[in-house]
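Given next are the chains, with one letter for each unit.
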Amino acid sequence: SQKIEQNSEALNIQEGKTATLTCNYTNYSPAYLQWYRQDPGRGPVFLLLIRENEKEKRKERLKVTFDTTLKQSLFHITASQPADSATYLCALQGGYNKLIFGAGTRLAVHP
Amino acid sequence: DTAVSQTPKYLVTQMGNDKSIKCEQNLGHDTMYWYKQDSKKFLKIMFSYNNKELIINETVPNRFSPKSPDKAHLNLHINSLELGDSAVYFCASSQEAGLMAFFGQGTRLTVV
């Protein structure tokens with residue numbers, strides 16, 4: 001069956017450290033993989049998109065990698081801040097018009 | 001200006017009632033979606049429309065009926081509400097199908 005798996009355990013890290021979140025998928029062959037941020041009581045906000053022919057994408061303190069052989073994407077936040085605390089969702093196209101999300105990983109950055 | 005707006009933000013209603021949630025986007029996007037986020041926070045796609053046409057219906061009970069009067073609006077009507085319908089419903093839109101979606105703030109539906 002098709003699955004998108006993210007670590008359901010919350011990730012707790014110290015301010016200033018690098019947070020690394022993992023997204024694994026099964027039985028999909030996405031041309032793109034996307035990452036979103038969701039704060040409590042709000043809708044998800046698009047952060048980054050990476051194409052299958054890109055190994056890595058950066059935006060300010062964010063970095064995403066995409067390994068189509070391992071069927072995995074890693075999402076890194078460097079020099080993390082308490083304001084980065086949120087749930088991060090990985091998403092991909094599961095078919096035309098179909099944007100499918102993983103369950104998300106909650107990140108807590110402690111001062 | 002809010003890009004994707006949905007109303008109401010909160011909706012509390014009794015079992016068996018019929019209710020509607022409205023969604024509008026001012027981004028000029030061709031694709032709109034409805035998602036349900038349950039108590040476990042899992043975001044599940046319900047419907048997808050492209051240029052007013054239904055493209056995806058993800059085995060949602062037919063008590064849920066989306067309506068798209070034009071490509072900027074996608075409303076969700078729910079008949080005979082059940083306790084299990086309690087969730088947060090998100091509307092979203094994107095220019096390209098399945099990519100870089102913009103979400104509304106959500107409608108928290110509570111069925112009592």
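Just above sits the structure.
Conventions used here
Residues numbered from 1 in each chain as written. Chains lettered and ligands numbered in written order. Predicted model: local features only at pLDDT ≥ 70, side-chain atom pairs only at ≥ 80, totals over all residues. Heavy atoms only, no water. Helix = DSSP H or I, 4+ residues; strand = E, 2+ residues; numbered from the N terminus. Rg over C-alpha atoms; globule rule 2.2 N^0.38 Å. Buried < 20%, exposed > 50% of the residue type's maximum accessible area, 1.4 Å probe, protein only. Areas by Shrake-Rupley, 256 points an atom, 1.4 Å probe, with all protein chains shown as cover. Lys, Arg positive; Asp, Glu negative; His and termini not counted. Charge placed at Lys NZ, Arg CZ, Asp CG, Glu CD. Pairing = 2+ DSSP bridges. Axes fitted to C-alpha atoms, helices over the stretch in contact; angles between N-to-C directions. Salt bridge = Lys/Arg side-chain N within 4 Å of Asp/Glu carboxyl O. Disulfide = S-S within 2.5 Å.

1. What to know about the overall build of chain B
Here is step 1: What chain B contains, in helices and strands, is zero helices and 11 strands.
Here is step 2: Each helix and strand of chain B, ordered N terminal to C terminal, gives the series β-β-β-β-β-β-β-β-β-β-β.
Here is step 3: Rg of the C-alpha trace for chain B: 13 Å, near the compact-globule value of 13 Å for 112 residues, within the 12% margin.
Here is step 4: Put simply, chain B has 112 residues, and 47% of those count as buried.
Here is step 5: Of the roughly 5500 Å² of accessible surface on chain B, 50% is carried by carbon and sulfur atoms.
Here is step 6: Across chain B, the centroid of the 12 positively charged side chains sits 7 Å from that of the 11 negatively charged ones.

2. Observations concerning the sheet that holds strand E8 (residues 73-78) of chain B
Residues and elements named next belong to chain B.
Here is step 1: Overall, antiparallel pairing links the four strands, which are arranged E1-E3-E8-E7 in an open sheet. The open sheet has two edge strands with one neighbour each: strand E1 (4-7) and strand E7 (64-70). The average angle at which neighbouring strand axes cross in this sheet is 20°, direction not considered.

3. Observations regarding the sheet that holds strand E8 (residues 72-77) of chain A
Residues and elements named next belong to chain A.
Here is step 1: Taken in spatial order, the five strands line up as E1-E3-E8-E7-E6 in an open sheet, and their pairing is antiparallel. In this open sheet, the two strands that pair with only one neighbour each are strand E1 (3-6) and strand E6 (56-59). Shown here is a sheet whose adjacent strand axes are inclined to one another by a mean of 15°, direction ignored.
Here is step 2: The pairing of E6 with strand E7 (residues 62-67) spans four bridges and is classified as antiparallel. In the sheet register, Glu56 faces E7, and the bridge partner there is Thr65.

4. Some words on the pattern of salt bridges
Here is step 1: Scanning the model with the defined rule gives 10 salt bridges over all chains in all.
Here is step 2: Where Glu5 of chain A meets Lys3 of chain A, a salt bridge forms, and the shortest distance between an N and an O atom there is 3.9 Å.
Here is step 3: Note that Asp30 of chain B is salt-bridged to Lys71 of chain B, the shortest N-O span being 2.6 Å. In this pair, Asp30 of chain B sits in the loop between strand E3 (19-25) and strand E4 (31-37) while Lys71 of chain B sits in the loop between E7 and E8, placing the two residues 41 residues apart along the sequence.
Here is step 4: Lys71 of chain B sits in the partly exposed class, given a relative accessible area of 31%.
Here is step 5: In the salt-bridge network here, residues are joined through shared partners; they are Glu56, Arg58 and Lys63 of chain A.

5. With respect to the pairing of E7 of chain B
All names here are of chain B.
Here is step 1: Both E7 and E8 contribute to a ladder of five bridges, which runs antiparallel. Bridge pairing in E8 places Lys67 opposite Asn75.
Here is step 2: With antiparallel pairing between neighbouring strands as the criterion, E7 and E8 make up a hairpin whose turn holds two residues.

6. Focus: the state of the cysteines
Here is step 1: Evaluated as defined, the whole model comprises two disulfides over all chains.
Here is step 2: Each sulfur in the disulfide pair Cys23 of chain A and Cys90 of chain A lies 1.8 Å from the other. Of this pair, Cys23 of chain A sits in strand E3 (residues 19-26) while Cys90 of chain A is found in strand E9 (residues 86-95), placing the two residues 67 residues apart along the sequence. Here Cys23 of chain A and Cys90 of chain A have matching classes, each one buried.
Here is step 3: Disulfide pairing places Cys23 of chain B opposite Cys91 of chain B at an S-S distance of 1.8 Å. The S-S bond linking Cys23 of chain B to Cys91 of chain B shows a torsion near -75°; that makes this disulfide left-handed. On the criterion of sequence distance, the pair formed by Cys23 of chain B in strand E3 and Cys91 of chain B in strand E9 (residues 87-94) is long-range, its members being 68 residues apart.
Here is step 4: Judged by relative accessible area, Cys23 of chain B falls into the buried class, the value being 1%.

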